Number of protein chains: 2
Amino acid sequence: MKIAITGKGGVGKTTLSGTLACILSQRYKVFAIDADPDMNLASSLGITGPITPISKMKDLIKERTGAESGSSFGEVFKMNPKISDLPESLSINYGNEGNLKLLVMGTIDKGGEGCICPASVLLKALMRNLILKKDEYIILDMEAGIEHLGRKTAEAVDLMIIVVEPGLKSIETAARIKKLASDIGIPKLACVINKVSNEKEENFATQKIKELGLEVIGSIPRDEEVIRSDMEGHPLAKYPDSAAFKSIAKIADIILS
Amino acid sequence: MKIAITGKGGVGKTTLSGTLACILSQRYKVFAIDADPDMNLASSLGITGPITPISKMKDLIKERTGAESGSSFGEVFKMNPKISDLPESLSINYGNEGNLKLLVMGTIDKGGEGCICPASVLLKALMRNLILKKDEYIILDMEAGIEHLGRKTAEAVDLMIIVVEPGLKSIETAARIKKLASDIGIPKLACVINKVSNEKEENFATQKIKELGLEVIGSIPRDEEVIRSDMEGHPLAKYPDSAAFKSIAKIADIILS
């Protein structure tokens, strides 16, 4: 199953992605992919070692997409690169007997070097071509906002989860994501409400999501442990007794069922 | 003076941009620009009417950049479009006797239509060519993260403000922004700490920012009024007695001095 985690910037996509990945890897093989050029999925898992991003594999990108990352737009992308051998060469193993692998799309290394479009094309092709076994999960931590839906980076996912928080801005983003996801044929959408301080906020968000015609599959409370784990540089999974972790475990059960 | 507001998604760029714009427009002419394709500067100012975004001006973009938004990358951008007449035709007036104008770069209207690169080029050229009088300010609300620094959208600004919150993720983003902003020659960088709940969090963020060699020009407390104004769809400037508003007013004074 391929799952993309989307939403407005700062709603908690990376925390949800990383924690879901840790929880699912207790029972399944999980392939977590950071698709945000402002990447922090690795650090939110407590990984500090270097990972070769897709965008750094210049020769590979050139061979398989026809363009260099950061090159002029003058080149035409070939849209169906062979990617069958990519995962092993680009990923690192993490915890749980190698059940969790992490891959990163890549970042901007030099101001003015260009956009992340070429790396997005390779990631899109990777997602499209990867055939998963029944006990394998991909979790894509998408970049903030909606540009990735213009690029169709996540077009091949089975489920897109939109994270919202109590407030109109992230609801507006959810509405845009719903419309754009429908354009590119995402088969299933669901919402998770994050950073809920009280019942009034939860009701507000739930009502707004219903008005959009979307389903809520879980709600995560505002939790000091999330801020603490971010300040310490530890994964939230280090605090399995925290309210936020327990809520995400429930969401994992719903996804699996 | 041209000011860009940057930072990780969700740190409060739009709240700071919109509130600063309101405050400065009490004394100066302000041109607020939403440079985020997942745009919500207008709604955070309480504006619901339609604004023609740059990205929608297809003929204009084609004439002035040589490429259509969403077109193939095969066309070559001409990098110095004439933009002297753009602002009036694309902006709307807001409050305070027309002292505050709002312009939006544009969004993704259809999933799969492409990236926002062509609109970014026009905005970059606009920023570079706009000559401001002494009593005029531009406030650019940038997209989340760092891709805009690859595109150099904000290369012509005089000051780039990086918003951080207490946590390593937004500090990591600040470190990336500092490096990339230096690459493209941004003359002045400063940090604002947002969503501060207590002294421990403020000290944590201040220390981390100092380690990056950056200056802190203000700190904004976590404030229920910010969440409330977002849930109501009102600008924070509607609550001038709120702690967050007062902190931003102090930041405005520091910018002006």
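Notes on the structure in this doc start here. (Residues numbered from 1 in each chain as written. Chains lettered and ligands numbered in written order. Predicted model: local features only at pLDDT ≥ 70, side-chain atom pairs only at ≥ 80, totals over all residues. Heavy atoms only, no water.)

1. Digging into the overall build of chain A
Then comes step 1: If you tally the helices and strands in chain A, you get 10 helices and eight strands.
Then comes step 2: The buried share among the 257 residues of chain A stands at 61%.
Then comes step 3: A separation of at least 24 residues holds for 75% of the contacts in chain A among residues at least 6 apart in sequence.
Then comes step 4: By element, 50% of the accessible surface of chain A is carried by carbon and sulfur atoms, the whole surface being about 10,000 Å². (Helix = DSSP H or I, 4+ residues; strand = E, 2+ residues; numbered from the N terminus. Buried < 20%, exposed > 50% of the residue type's maximum accessible area, 1.4 Å probe, protein only. Contact = heavy atoms within 4.5 Å. Areas by Shrake-Rupley, 256 points an atom, 1.4 Å probe, with all protein chains shown as cover.)

2. Notes on the relation of the copies chain B and chain A
Both copies of the chain are related by one operation, a rotation about an axis with a shift along it.
Then comes step 1: Between chain B and chain A, which share one sequence, the superposing operator has a rotation angle of 180° and an axial displacement of 0.0 Å; the RMSD is 0.0 Å. Taken together, the rotation and translation relating the two chain copies correspond to the operation of a two-fold axis.
Then comes step 2: Most of the interface of chain B is mirrored in chain A, where 100% of its interface residues again form contacts. (Least-squares fit on C-alpha atoms with pLDDT ≥ 70 in both.)

3. Quick word on the interface of chain B and chain A
Then comes step 1: Contacts between the two partners involve 54 residues from chain B and, on the opposite side, 54 residues from chain A.
Then comes step 2: Counting each side, the surface lost to burial between chain B and chain A is near 4,400 Å², with a carbon and sulfur contribution of 55%.
Then comes step 3: Our count for the contact surface shared by chain B and chain A stands at four salt bridges.
Then comes step 4: Between B:Arg151 and A:Glu147 there is a salt bridge, with the nearest N and O atoms lying 2.4 Å from each other.
Then comes step 5: Taken together, the links from chain B to chain A amount to 32 residue pairs in polar contact (both at pLDDT 80 or more).
Then comes step 6: With eight residues, the single largest contributor to the side of chain B that touches chain A is helix H7 (residues 168-183) of chain B.
Then comes step 7: Class assignment for the residues of the side of chain B that touches chain A results in 18 nonpolar, 17 polar and 19 charged. (Buried area = accessible area lost by both parts, 1.4 Å probe. Salt bridge = Lys/Arg side-chain N within 4 Å of Asp/Glu carboxyl O. Polar contact = N/O pair within 3.5 Å; in protein donor to acceptor, adjacent residues only side chain to side chain. Nonpolar A, V, L, I, M, F, W, Y, C, P; charged D, E, K, R; others polar.)

4. Things to note about the side chain of A:Lys124
Residues and elements named next belong to chain A.
Then comes step 1: By secondary structure assignment, the location of Lys124 is in helix H5 (residues 117-129).
Then comes step 2: It is Glu155 that comes nearest to the buried, bridge-free Lys124 among opposite-charge side chains, at 5.0 Å.
Then comes step 3: Within the structure, Lys124 has its side chain in polar contact with the backbone oxygen of Arg151 (distance 3.1 Å). (Lys, Arg positive; Asp, Glu negative; His and termini not counted.)

5. Some details on the sheet that holds strand E5 (residues 136-142) of chain B
All names here are of chain B.
Then comes step 1: Taking strand neighbours across the sheet as the criterion, the eight strands line up as E3-E4-E2-E5-E1-E6-E7-E8 in an open arrangement whose pairing is mixed. Only two strands of the sheet have a single neighbouring strand rather than two, namely strand E3 (92-94) and strand E8 (216-221). Between one strand and the next, the sheet's axes are offset by a mean angle of 25°, whatever the strand orientation.
Then comes step 2: In terms of strand pairing, strand E2 (residues 29-35) meets strand E4 (residues 100-104) through five bridges, oriented parallel. Bridge assignment links Val30 to a residue of E4, and that residue is Leu100.
Then comes step 3: The sheet strands contacting helix H5 (residues 117-129) are strand E1 (2-7), E2, E4 and E5, and the helix crosses E2 at an angle near 160°.
Then comes step 4: Across the sheet, helix H8 (residues 199-211) lies against strand E6 (159-164), strand E7 (189-196) and E8, angled at about 160° from E7, the strand it touches most. (Pairing = 2+ DSSP bridges. Axes fitted to C-alpha atoms, helices over the stretch in contact; angles between N-to-C directions.)

6. Side note on helix H10 (residues 243-256) of chain A
The periodicity of an α-helix, 3.6 residues per turn, causes residues three or four positions apart to be oriented the same way.
Residue and element names in this part refer to chain A.
Then comes step 1: With 14 residues, H10 should cover 20 Å at 1.5 Å per step; its first-to-last C-alpha distance of 20 Å lies within 8% of that length.
Then comes step 2: Within the sequence span of H10, burial applies to Ala244, Phe245, Ser247, Ile248, Ile251, Ala252 and Ile255. The buried residues of H10 occupy one face: seen down the axis, they fall within an arc of 160°.
Then comes step 3: Lining the buried residues of H10 we find strand E1 (2-7), helix H1 (13-24), strand E6 (159-164), strand E7 (189-196), strand E8 (216-221) and helix H9 (224-232). (Expected span 1.5 Å × (residues − 1). Arc of directions from axis to C-beta.)

7. Focus on unusual backbone geometry
Then comes step 1: In this structure, A:Lys195 is a non-glycine residue whose phi angle is positive, near 60°.
Then comes step 2: Considering the arrangement of structural elements, one finds A:Lys195 in strand E7.
Then comes step 3: On the basis of relative accessible area, A:Lys195 is assigned to the buried category, the value being 19%.
Then comes step 4: Of note, the phi angle at B:Lys152 is positive, near 60°, even though the residue is not glycine.
Then comes step 5: On the secondary structure map, B:Lys152 appears in the loop between helix H6 (147-151) and E6.

8. Re the pattern of salt bridges
Residue and element names in this part refer to chain A.
Then comes step 1: Applying the stated criterion across every chain yields a total of 23 salt bridges over all chains.
Then comes step 2: Arg27 is the partner of Asp253 in a salt bridge, and the nearest nitrogen-oxygen pair spans 3.7 Å. Within this pair, whereas Asp253 is found in helix H10, its partner Arg27 is found in the loop between H1 and strand E2 (29-35), the two being separated by 226 residues in sequence.
Then comes step 3: Exposure remark for Asp253: the relative accessible area of 44% places this residue in the partly exposed category.
Then comes step 4: Under the relative-accessibility criterion, Arg27 is labelled exposed at 53%.

9. A short note on the sheet that holds E8(A)
Residue and element names in this part refer to chain A.
Then comes step 1: Read from one edge of the open sheet, eight strands run E3-E4-E2-E5-E1-E6-E7-E8, paired in mixed fashion. At either margin of the open sheet sits one strand with a lone partner, and together these are strand E3 (92-94) and E8. Adjacent strand axes in the sheet meet at a mean angle of 25°, parallel and antiparallel pairs treated alike.
Then comes step 2: Pairing geometry for E7 and E8, over four bridges, is parallel. Bridge pairing links Val192 to Gly218 in E8.
Then comes step 3: Taken strand by strand, H1 contacts E1, E2, E3, strand E4 (100-104), strand E5 (136-142), E6, E7 and E8, and its axis lies near 165° from that of E5.
Then comes step 4: Packed onto the sheet, helix H8 (residues 199-211) meets E6, E7 and E8 and runs at close to 160° relative to E7.

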